[in-house]
Amino acid sequence: MMEQPHLLPKLLTALSYLYDSQQSNNHQHRHEAHQFLLTYKQSNVRRLVVSRLQSRKDRIGADDGENELSFDQFEDLTGSIFLSCLALLYSSCSQNSNSHERIFTAQALNHRCRSIKLTETLDIEAEDGVECGTSRLVIALEELKNQRNNTQPNTDLNQKTKSILTAWLERYVPMLVNRCGGGAACTGAELLAVVLERHSSSLLDSPYLCDESRGEEQIKGTLMMFSLAVAMYVAAFRDFEDEHQHQNQHDEAGRSPWANAVLSELGSALSVTVLRLRYRPTTDKHDTPSPDPSCPPLIDALVHAINMVKDSAAVYLTNQAGSEMPSLLQDAHHYAVNRSIAACLTSLPETVLLPPGQDYMHRIPSVDRGCLRAASMELRCNETGMEKAMSVLLQLWGNVVHDDSSASRLIQCCEAWARYVAVPIHVIDESVGKIAMQFIHISQGAPSSMQQQKAQTLAFQYLVSIFEAALPTLSVPDILTAALGVGATGVQNGKRKQGNKSKKRHEKRLDRAKAVEDESSQNQAEEELLARKNAACAAAAAAFGISAAAASHTGDDWGLRLASTCPKTTSHAICSTVAAAATSVLPHLLWLERNDGPSQRWRTELFSVVITVIQRMCKSHNRDTRALAYEALMVLHNALNTVTAVSLRVEQIAIDSICECALSLSASCAYPLHYFDNLSENNDEDLEIERNDVRDVCRSVCSLDSGNYGSDESKSPSIMILNRIVHACHSAITDTDLTVLPSEAVVHALSALAKPLNFLGEKCAKQLDEEGCTILLKALDAFGDVFQRLNSLIEQLPHSKTLPLSRLALIGFASLAPLLNSVAQMALRSTTATERHLIDIFEKTLCAGIKHSILSTTQIPELVAESTLESTRYDIKGAMRGPGGEDHVGCIALIRMSGESDELRNSIFKVCGESILQDLTSLHHALKRIEVERGVGVEYGKGVTPLSRRLLIRVVSRLGMMQGGTVLHSLLEEPLSEIITQKSAPFSIEKLFRLCEAALDLSFFSPELLSHLFRNRASDLDSLFETLIMGYTGLSVRGEEDSTTYQWGRLRCGVICLLRACQSMTDYSSGVLTALIKAECETAVAQCGQGPQSGSNLFKESIVGEEMIHSGAYVMLIGEYLKHVSSGKNMTMEDQVELCRRCVHVLKHSAPDIASILLHESPEATNHVDPRLTLAEAWFLTMKALASVCRNNEQINSSLVADNVQILFSESLSLAMLFIFMKDIGGKKRPAPDVQRGMSPDGPQTLAISDFISESMLLGPSILSGSFSSFSAHIQLNCGNEVPSEVLGAAVISASLLRAISGATPPWVVEDTPILFNSIYTSLGSNLDLFIQTLGVSTKLETLTDAGALRAGEKLCGRYLDASDSHINSFLSKASECAAKNDWKKMKVVLKSATGGKKKESGFNLKPHYSSWEGERV
């Protein structure tokens, strides 16, 4: 009776619980089975034993005399994973078992082959247990290794090694066969026995048998190769039997395609095994290893492995049959061999190679990079790469043209290679021209059989892979990265995902790999890139029936020529293949025509055929088909626009085609005829997405971002395309009957061109360009014509007719503000006749556009019905906004026109007259009345939203500041009068609402007006601030929010917006801010005093939280004022100094209140929004802004130093450290508590603290001394010997940072900590000795009394540095090295090592972003 592997019963049980339908209801056992299988696949007993042995050696030395290792849970470490997987795979392929067993075992084998070494993968000795099997082998080999290292090589050691390995073979090879189970017609274990019987001599004759490491690898690798090759054979054999049975039973239901998955996994496992046998890592990890002379090239080795099984199987099957094999058995035998070889050759490139430029998330085997590099170079050589693989398959199958199944597998193999290497042209001719083309003649209709359908799908995939391997985005560095095995380049969907740091590391690795190879690697990469592109052109020529040799085409119905001519030729597979061809081939054909000698007819013919199909796709009625053409058009334009002048026929063809495609796409995505009949319906998201995409395409194919305008004699391709599209739109609009609105689709195309038109306008304003002015003239004339028609018809037509065109035209008008500004500047200098004509058209269009902006805001409501923007992406159809946006487009156009420049504002007054201010004010009054009529909270039906109305205030304010007069001041009086009126009103919902609206209205006036208001009429604003402060007294920890608190929260937002809009601080606003900060801090203290589980009617997300504005917003306003000082805009130095002094005055008075709340010991809030988090963030960000101003402006710094600003910095540093020392990180014998004192460090507040410390440290040693004084007032320290105060200050900060990364703060803090230590180093004058002294002191500082989370006598730096002197000295030595070399990146590694390493499962979140403090949309 044959034995079974130790783990096989457990494996079968686990798989049955997961996949057996009868066991599916037992959820507990399913979970246990899942956990077992995860552990099973990842277990590595050999590595555990080696690790234990190394630990023992490190602990008591190498020569300890012990020969045994002890292990707990002995039973869990017994059993071979490889053997149990192999046994189950053999038996399941020999029996009619469930396919999940085959797939799982194949995946497990592949995972282990890819992930761990050969000696660890074949773990058959584990069948004897960890102590009697694995441990004995490891210890025996380790002893030989030590002896060999300590003595000269001798015959005795070689003989001992050979004896041990021979004994291993004698013990475990029979076990490998005996425990793999029995079966039916083709039994894997019996076949493996035949293979080993015929070829086992190679194991004993290995030249490496006297080398313990090479010998074991060679033996185990060879055994794995035999075992996996047999597994592939029996799996393919079983697949043939299943297919034969399926056909005989005439079963119409499809059978499980398990064999594809199993053979793919096993082929990958066998490929990695052969790779490990052929290439071994060198001592220098940067070197490229030479191949093992005993192992043939990879493809030959794989084919040889299968052929050994083939010969043994022939003998085995003949013996089973008794004489000659029956024909059916012969067919099964040949099928299994051919299928196995094909699977190996298909899996090989994906296993070994990296796809250039597309290796995001590509599974790279855990093999030495040098070995991967050597294998990559081998497989990129035609003699040992794809050409070799192709010849092997053709020899196997002979003429595959008439065999659909063989053709499918050959195409599949070619496709696998095409993703990684350049396909040779003659392979293209054979695989595409002769084999794949018989399946992609789309004129012949759908395939007649399932096999032909599969072959056609594979043929399309093959073509797409060839094309995608030659994308224009692919570069020589991408090829080198893949060829040299450097690793991922972070490219996904054509967009690079690398950050700057990652990119630099990658470039460094690439340079190092290039240095190892000779200079030819660069040339080879360039040649491969060209070969890929030439291969793509050859494949496209074959697919479209273009003969390069005869310079002719095969026929009008050949291949893909008829793509997108009818529904049956417009499938996704066909059109995506054409799109891929166009994206890769058209730019290269253009390059060839420009750079590769005289024009050749086949290139022009191929270019014309492909671009013609793209044109048909752009006109298709199918949205998905049109979308496939987008990338091809944009890529073609990029290639086209690399020259300044058009001189070739293909260039003119490209320009004509791009223009036609752009216009076709615009027409195809027009709104349907009755789309706007019901304006309250939601927009069609798919249609809106397409319209946005088409706008991007139109904008891209006219792009002038590169600055390529051409010359006076010949314009650039972009200018020519822009001219053509603008001319087409202009003609379509102006030729329309005057009583009819023009086509919305045409205006859509024209409005998409705003960006290139703006660039062209800027260029024309700087230098004379007649043709450019003509283009601008037509564009503006077209817009002017649209506005004039709308203005005359807007009151006559329903909203369903005017809204879509008005919205689109105004979006385009607003986007053209830079162009209009350029023409306005042009009008200030002497001009040509063309420019004067342009200026006339500009004035006409500007006047009509401003008039229509006012008319549309008056006539068309912003929202016809209630907005659905919170639940949809693009809102209702009747939204007079940009798709998915906010604010009335008429108001947006006005705000853009008024905010562009003084010249454009003057032009507005010129064309509209000074009455424009009165018109806008009247419009505002009308909208305000409508707003009141609608009622509170209703923002649809008629009129506009309050925010859109307020945009008109900003427009009037901007224009009024230029013209003066009473209009602006009378508008200002309206909200002021409301505030004054409410002064005597009782505290109520209505009062809060009216004050809020007035405050928000005031916030939209200019900063100059508001500053004047705060200086001269501050008393009129008293009611605002008094009411707001009074609201803080209404805190209730038991009550819920109500309408009153909600309106108070809105008032708070309105006041903050008003104070922010002022951009400066007066004596009055200084007192107001101090009072507001004090009120908020006192209320927060009262809230925290009730405990973390207390409720709140104020500190809710909808009141003082994310939905309104966070607590701490008043402090953030001071930070914004300081940033305004840093910008220096419109401020004298005296004004800047005065503003900073006022800011510091408020901060000084607020500091005690801030400290009282930030150091409150109440744990993190659970039933209300914790106000401390954002208060801390606001405080430290503001202090950082103040430190930045002091560092960068000496005059301001001198003035503030005189006001003792250092005390403020020192106290803030002390506050940051005290917050860290509130956190109990536990000790050597006690864990950290689950509930911590004080607010949580998990959030942007800790990020702000880090940034503040980094910035403030650079202010100099006086800050360090002051911080120590402030800190000592709270915590008494045992400072040891006499140490300078600045060193003590720096040491306390260092200790707090060390404690922070020891667990007091989230793990991401360690990323920024090296920067903080760099700041400390700089603040100490970059004195290395002083810096190391500081670090040494920081590791010794102890508290004298209990304080915060610190116990008397506890070290400030935390438990990890409460260690031996050797540990401390090692830390200081490594830190000194980092500082001396200015290598602060390495300092992170040093810090993590010194403070306990990674903090896994800390419970903290990932690194946050700073909070948002906006509040206009309340």
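Up top you'll find the structure we're talking about.
Residues numbered from 1 in each chain as written. Predicted model: local features only at pLDDT ≥ 70, side-chain atom pairs only at ≥ 80, totals over all residues. Heavy atoms only, no water.

Novice: So what exactly am I meant to see when it comes to the overall build of the chain here?
Specialist: Scanning the chain from terminus to terminus reveals 57 helices and 6 strands. In the chain, buried positions account for 56% of the 1418 residues. Within the chain, contacts between residues at least 6 apart in sequence are counted, and of these 77% link residues at least 24 apart. Looking at charge distribution, the chain has the averaged site of its 133 positive side-chain charges lying 2 Å from that of its 164 negative ones. (Helix = DSSP H or I, 4+ residues; strand = E, 2+ residues; numbered from the N terminus. Buried < 20%, exposed > 50% of the residue type's maximum accessible area, 1.4 Å probe, protein only. Contact = heavy atoms within 4.5 Å. Lys, Arg positive; Asp, Glu negative; His and termini not counted. Charge placed at Lys NZ, Arg CZ, Asp CG, Glu CD.)

Novice: Mind showing me how you'd approach helix α52 (residues 1261-1272) here?
Specialist: Each full turn of the α-helix corresponds to 3.6 residues, which orients residues three or four apart in the same direction. With 12 residues, α52 should cover 16 Å at 1.5 Å per step; its first-to-last C-alpha distance of 17 Å lies within 8% of that length. Buried within α52 we find I1263, L1264, S1265, G1266, S1267, F1268, S1270 and F1271. (Expected span 1.5 Å × (residues − 1).)

Novice: What is the right way to look at unusual backbone geometry in this model?
Specialist: Glycine aside, residues mostly have negative phi angles, and peptide bonds mostly take the trans form. Unlike most non-glycine residues, S564 shows phi in positive territory, near 65°. Mapping S564 onto the fold places it in the loop between β4 (552-553) and α23 (572-595). A positive phi is found at Q1063, a non-glycine position, where the angle reads about 60°. Tracing the sequence through the fold places Q1063 in the loop between α44 (1043-1062) and α45 (1067-1089).

Novice: Can you help me understand the packing of helix α36 (residues 889-899) against helix α37 (residues 902-912) in this one?
Specialist: When two helices pack together, their arrangement is given by the angle between their axes and by how far apart the axes lie. Remark: α36 packs on α37, axes separated minimally by 7 Å, with the N-to-C direction vectors making an angle of 115°. Across from M897, S898 and G899 in α36, the residues of α37 making contact are L904, R905 and I908. (Axes fitted to C-alpha atoms, helices over the stretch in contact; angles between N-to-C directions.)

Novice: Quick question: what am I supposed to make of the nonpolar core here?
Specialist: Soluble globular proteins tend to bury their nonpolar side chains together. One finds Y462, F544, I614 and L1186 to be the most contacted residues of the largest nonpolar core, which totals 439 residues. Looking at this core, the element that brings in the most residues is helix α11 (residues 212-248), giving 16 residues. With residues near it in sequence (within four places) discarded, I614 still touches V578, A579, A582, A629, A632, L633 and C661. Listed in part, the 8 residues of the second largest apolar core include L474, V476, I479 and A525. (Core = buried A, V, L, I, M, F, W, Y, C linked by side-chain atoms within 4.5 Å.)

Novice: It is not clear to me how the side chain of S1069 should be interpreted in this structure. Could you clarify?
Specialist: Structurally, S1069 is set in helix α45. Ignoring any residue separated from it by four or fewer positions in sequence, one finds S1069 in contact with F1014, L1059 and S1064.

Novice: Please explain the environment of F1404 as it appears in this structure.
Specialist: Mapping F1404 onto the fold places it in the segment after α57 (1384-1394). By relative accessible area, which is 27% here, F1404 ends up partly exposed. For the pair F1404 and H441, spaced 963 residues apart in sequence, the C-alpha to C-alpha distance is 59 Å.

Novice: When you look at the pattern of salt bridges in this model, what are you seeing that I'm missing?
Specialist: Opposite charge on two side chains permits pairing when their charged atoms draw close. On inspection of all chains with the given rule, the structure shows 70 salt bridges. Note that R179 and E127 form a salt bridge whose closest N and O atoms lie 2.6 Å from each other. With R179 in the loop between α8 (155-178) and α9 (188-199) and E127 in the loop between α6 (118-121) and α7 (130-150), this residue pair connects regions lying 52 residues apart in the sequence. Residue E127 is classed as buried on the basis of its relative accessible area, which comes to 7%. In this structure, D1153 and K1078 form a salt bridge, with 3.7 Å as the shortest nitrogen-oxygen distance. Separated by 75 residues along the polypeptide, D1153 in helix α47 (residues 1133-1158) and K1078 in helix α45 bring together distant segments of the chain. Judged by relative accessible area, K1078 falls into the partly exposed class, the value being 38%. Within this structure, K928, E931, R949, R950, E997, D1001 and R1050 form a network of salt bridges that share partners. (Salt bridge = Lys/Arg side-chain N within 4 Å of Asp/Glu carboxyl O.)

Novice: Would you explain a negative patch on the surface in this entry?
Specialist: Taken together, E1040, E1041, D1042, E1101, E1106 and E1107 make up a surface patch of like negative charges. In this structure, E1106 sits in the loop between α45 and α46 (1113-1127). For E1106, a relative accessible area of 60% gives the class exposed. (Patch = residues over 30% accessible without salt bridge, like charges linked within 9 Å, V, L, I, M, F, W, Y side chains within 5 Å. Areas by Shrake-Rupley, 256 points an atom, 1.4 Å probe, with all protein chains shown as cover.)

Novice: Sorry, what's going on with the packing of aromatic side chains here?
Specialist: Between two aromatic rings, the relevant description is the distance of the centres plus the angle of the planes. Under the defined criterion, the tally for this structure stands at 18 aromatic pairs. Taking the centre distance of 5.8 Å and the plane angle of 35° together, the rings of F36 and Y40 count as tilted. Here F36 pairs with Y40, and both are found in helix α2 (residues 27-42), just 4 residues apart, close to one helical turn. Residue classification places F36 among the partly exposed residues on the basis of a relative accessible area of 24%. With centroids separated by 5.4 Å and ring planes inclined at 45°, the aromatic side chains of W168 and Y172 adopt a geometry described as tilted. You can see W168 and its partner Y172 sitting in helix α8, 4 residues apart, about one turn around the helix. (Phe/Tyr/Trp six-rings, centres within 6.5 Å; stacked < 30°, edge-to-face > 60°.)

Novice: When you look at empty space enclosed by the protein in this model, what are you seeing that I'm missing?
Specialist: It is the rolling of a water-molecule-sized probe over the atoms that shows where space remains empty. Under the definition given, this model contains 8 cavities of 30 Å³ or more. Within this model, the largest cavity holds a volume of roughly 90 Å³. Contributing to the lining of the largest cavity are F1219, I1220, T1246, I1249, S1250, I1253, L1297, A1300, T1305, V1309 and L1316. If you list the elements that add at least two residues to the lining of the largest cavity, you get α50 (1205-1221), α51 (1244-1256), α53 (1285-1304) and α54 (1309-1323). At 4 residues, the largest contribution of residues to the lining of the largest cavity is made by α51. Residues of the lining of the largest cavity, tallied by class, amount to 8 nonpolar, 3 polar and no charged. (1 Å grid on protein atoms, 1.4 Å probe; cavity = no way out; pocket = protein on both sides within 12 Å on 5 of 7 lines; lining within 4 Å. Points joined across faces, edges and corners; volume = space filled by probe spheres on them. Nonpolar A, V, L, I, M, F, W, Y, C, P; charged D, E, K, R; others polar.)

What is shown is where atoms sit, not what they do.
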